Amino acid sequence: MKKLVNALAIALALAGIAGSVQAADYKPRIIRFGYGLAEDSNQGRAVKFFAEDLAKRTDGKMKAKGFASASLGSDTQMQNALIGGAQEMMVGSTATLVGIVKDFGVYDLPFLFNNEKEADAVLDGPFGQKLAAKLQEKGLVGLVYWENGFRNLTNTKRPVAKLEDLQGIKLRVMQNPVYIDMFNSFGANAVPLPFSELFTALETKTVDGQENPVNTIQSSKFYEVQKYLSLTKHVYSPWIVLASKKWWDGLSADEKKVIQEAAVASREFERKDSREAAIKAVDFLKQKGMQVTVVSDTELARMREKAKPAFDKFSAEGGADLIKELQGEITKVRK
Ligand code: TF8
């Protein structure tokens, strides 16, 4: 008798689960999800996680298909494809959104966040959400922030241990005025280029160096064309997962909800995975022959001081309150 009751209870529970899947309004959908890094990168692993998670949650009805290595275009090209409705989803640096919502430049000001915990709290909290919401009227839906990571410098010219070592180095930066101003004020010669053109630019020595998190230096094989790595952690760089607003508006409430849930799950996966990978990456890069320089706190403080013009310009161009607000949020987490 007890067994029968148990079996019945299980059967009822299963029917309940099946019923709730059936009741949800999911249409068969293919989602083109583009990104700039290699499939075998922290970005690629997280896109794969998202796709699997979404399929699980929707009984295989909603399928996200990842397109790695900028095969659908550079960050800015994909952003435009999303706005036009020609592509459904993407992930890329917040820094490349400044042409659409200028405020995103605030994250690129150097030495704001001391650690990942501060970044998570600010990005997932009201500040990060408010900024993401500004994308809506431009045709984009900002779903979640992932971690790109703290950025570090590489180059072929010389070890960079202090500001003066950067003098005259042709350094590729993202297409974003804050980066251009910052590195020019450091004495480098900043060259804005899309990420998709970076490896070739390094290989052909069009530029001498670049800056990116250690995970990317590994997954994009920059160690093949770069000798010196300086651990500067000058900017904490977020990624943002975006959806096309045009497409999003045509989804049912259930579909929006399940994508949001899968996006949040992917965020948790991605941050943990990226952080684990970053711990191992420096040793990997050393093994590949890179010479690693740890930049002293005194030198980092000098860099912060030198970067003041980038702050001043961002402030003068209407960003003063935004900087204050962001710094206020960081202070709250620090307490
Ligand atoms: C850069 C960024 C890129 C990311 C990636 C393409 O240096 O850090 O690695 O935006 O999504 O351009």
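Along each chain, residues carry numbers from 1 onward, in the same order as the chain's sequence is written. Reporting in this predicted model follows two pLDDT cut-offs: at least 70 for local features of residues, and 80 or more for side-chain atom pairs to be given and counted; totals over whole chains, interfaces and linings ignore these cut-offs and use all residues. Only hydrogens and water are removed before side-chain values are computed, so all heavy atoms of the structure are retained for them.

Peer 1: For this particular structure, what's the right way to read the overall build of the protein?
Peer 2: Broken down by element type, the protein carries 12 helices and 11 strands. Radius of gyration: over C-alpha atoms. The globule rule applied is 2.2 Å multiplied by the number of residues raised to the 0.38 power. Against the globule reference of 20 Å for 335 residues, the protein gives a C-alpha radius of gyration of 22 Å, in line with a compact fold. The principal-axis extents of the C-alpha atoms in the protein amount to approximately 80 × 45 × 45 Å. Note on contacts: a residue pair qualifies if any of its non-hydrogen atoms lie within 4.5 Å across the two residues. Summarising the internal contacts of the protein: among those between residues at least 6 apart in sequence, 76% fall at separations of at least 24. The numbering of helices and of strands both runs from the N terminus, where a helix is a DSSP run of H or I of at least 4 residues and a strand a run of E of at least 2.

Peer 1: So what exactly am I meant to see when it comes to the packing of aromatic side chains here?
Peer 2: The criterion for an aromatic pair is that two Phe, Tyr or Trp rings (for Trp, the six-membered ring) have centres within 6.5 Å, with stacked assigned to planes under 30 degrees apart, edge-to-face to planes over 60 apart and tilted to the rest. Taken as a whole and assessed by the stated rule, the structure comprises 12 aromatic pairs. Ring geometry for Tyr107 and Tyr145: centres 5.9 Å apart, planes at 85°, overall edge-to-face. Placement of the pair is Tyr107 in the loop between β3 (89–93) and α4 (116–124) and Tyr145 in strand β4 (residues 140–150), with a sequence separation of 38 residues. Aromatic side chains Tyr223 and Phe284 sit 5.4 Å apart centroid to centroid with 80° between the ring planes, which places their arrangement in the edge-to-face category.

Peer 1: What should I look at first to understand the site of the ligand in this one?
Peer 2: If even one non-hydrogen atom of a residue comes within 4 Å of a molecule or strand, that residue is called near it. Close contacts around the ligand come from 13 residues, with Gln43, Asp75, Arg151, Arg172 and Asn212 the closest. In the model, an oxygen atom of the ligand is placed 2.9 Å from a nitrogen or oxygen of the Gln43 side chain. Residue-level accessible areas treat just the shown protein chains as cover; the underlying method is Shrake-Rupley with a 1.4 Å probe. Notes on the ligand: free accessible area 320 Å², of which the protein chains cover 99%. Using protein atoms alone on a 1 Å grid, points that fit a 1.4 Å probe yet trap it form a cavity, whereas open point sets bounded by protein on both sides within 12 Å along at least five of seven lines form a pocket; residues with an atom within 4 Å of a point count as lining. What decides whether a molecule sits in a cavity or pocket is whether more than half of its atoms lie within 2 Å of the grid points. Most atoms of the ligand, that is more than half of them, are within 2 Å of grid points of the largest cavity. All residues other than Ala, Val, Leu, Ile, Met, Phe, Trp, Tyr, Cys, Pro, Asp, Glu, Lys and Arg, Gly among them, are scored as polar; the first ten of these are nonpolar and the last four charged. Residues of the shell around the ligand, tallied by class, amount to 4 nonpolar, 6 polar and 3 charged. Polar contacts here mean pairs of N or O atoms no more than 3.5 Å apart (in protein, one a potential hydrogen donor and the other a potential acceptor; neighbouring residues in sequence count only if both atoms are side-chain atoms).

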